[in-house]
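Listed below, chain by chain, are the residues.
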Amino acid sequence: RECLACGRPIVTSDLEDTKCIAESEVGRLFPAGDHVALAASLSEMLELSPQELADMGRRARELAVERLSWGSTAAGIYEFLTARQGSVRLSTGKGT
């Protein structure tokens, strides 16, 4: 996921946590271990225009800032904990 922050199109295997890449059209996914599909994905990327590649890279960077930044991660954790306020007891670190 860190690669999104570089603002470049991505070619990666479809292992865990890559669904956002396909949904956001920031690159190509291929089945893990399938070297033929990897080659096809790379060939597809090489056929794209410089403008299409730049657009993918821009969307990748936007996705990283929107979903993967520390601020959005902290907001997600806060929402999670707030929604479970009655069922989650947070330690103060003072033996309580």
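Cut-offs applied
Residues numbered from 1 in each chain as written. Predicted model: local features only at pLDDT ≥ 70, side-chain atom pairs only at ≥ 80, totals over all residues. Heavy atoms only, no water. Helix = DSSP H or I, 4+ residues; strand = E, 2+ residues; numbered from the N terminus. Buried < 20%, exposed > 50% of the residue type's maximum accessible area, 1.4 Å probe, protein only. Contact = heavy atoms within 4.5 Å. Areas by Shrake-Rupley, 256 points an atom, 1.4 Å probe, with all protein chains shown as cover. Disulfide = S-S within 2.5 Å. Axes fitted to C-alpha atoms, helices over the stretch in contact; angles between N-to-C directions. Expected span 1.5 Å × (residues − 1). Arc of directions from axis to C-beta.

Draft legend 1. Examining the overall build of the chain more closely. Looking only at helices and strands, the chain has four helices and two strands in total. For the chain, the sequential pattern of α-helices and β-strands runs β-α-β-α-α-α. Here the chain holds 96 residues, and 21% of them are scored as buried. Within the chain, contacts between residues separated by at least 24 positions form 41% of all contacts whose residues are at least 6 apart in sequence. Split by element, the accessible area of the chain, about 7000 Å² in all, is 56% carbon and sulfur.

Draft legend 2. Structural context of the state of the cysteines. Across all of its chains, the model carries zero disulfides by this definition. Here Cys3 stays free of any disulfide, with the sulfur of Cys6 as its closest cysteine sulfur at 7.0 Å. According to the relative accessible area criterion, Cys3 is partly exposed, its value standing at 37%.

Draft legend 3. Structural view of the environment of Thr12. On the secondary structure map, Thr12 appears in strand β1 (residues 10–13). When its relative accessible area of 21% is taken as the criterion, Thr12 is described as partly exposed. A sequence separation of 20 residues divides Thr12 from Ala32, and the C-alpha atoms of the two residues are 8.4 Å apart. Not counting residues within four places of it along the chain, the set of residues in contact with Thr12 comprises Thr18, Ile21, Arg28, Leu29 and Phe30.

Draft legend 4. Broad picture of the packing of helix α3 (residues 50–68) against helix α4 (residues 70–83). Here α3 crosses α4 at 35 degrees, and the two axes come no closer than 5 Å. When α3 is examined against α4, the residues Val65, Glu66, Arg67 and Leu68 are found in contact with a partner set consisting of Trp70, Ser72 and Thr73.

Draft legend 5. Seen up close, α3. Between its terminal C-alpha atoms α3 stretches 26 Å, which fits the 27 Å expected from 19 residues at 1.5 Å a residue. Every buried residue of α3 is listed here: Met56, Gly57, Ala60, Leu63 and Ala64. For α3, the angular spread of buried residues about the axis comes to 120 degrees, placing them on one side. Turned more than 90 degrees away from the buried face of α3 sit Gln51 and Glu66, all of them exposed. Where the residues of α3 are buried, they touch α1 (19–24), β2 (27–30) and α2 (35–46).

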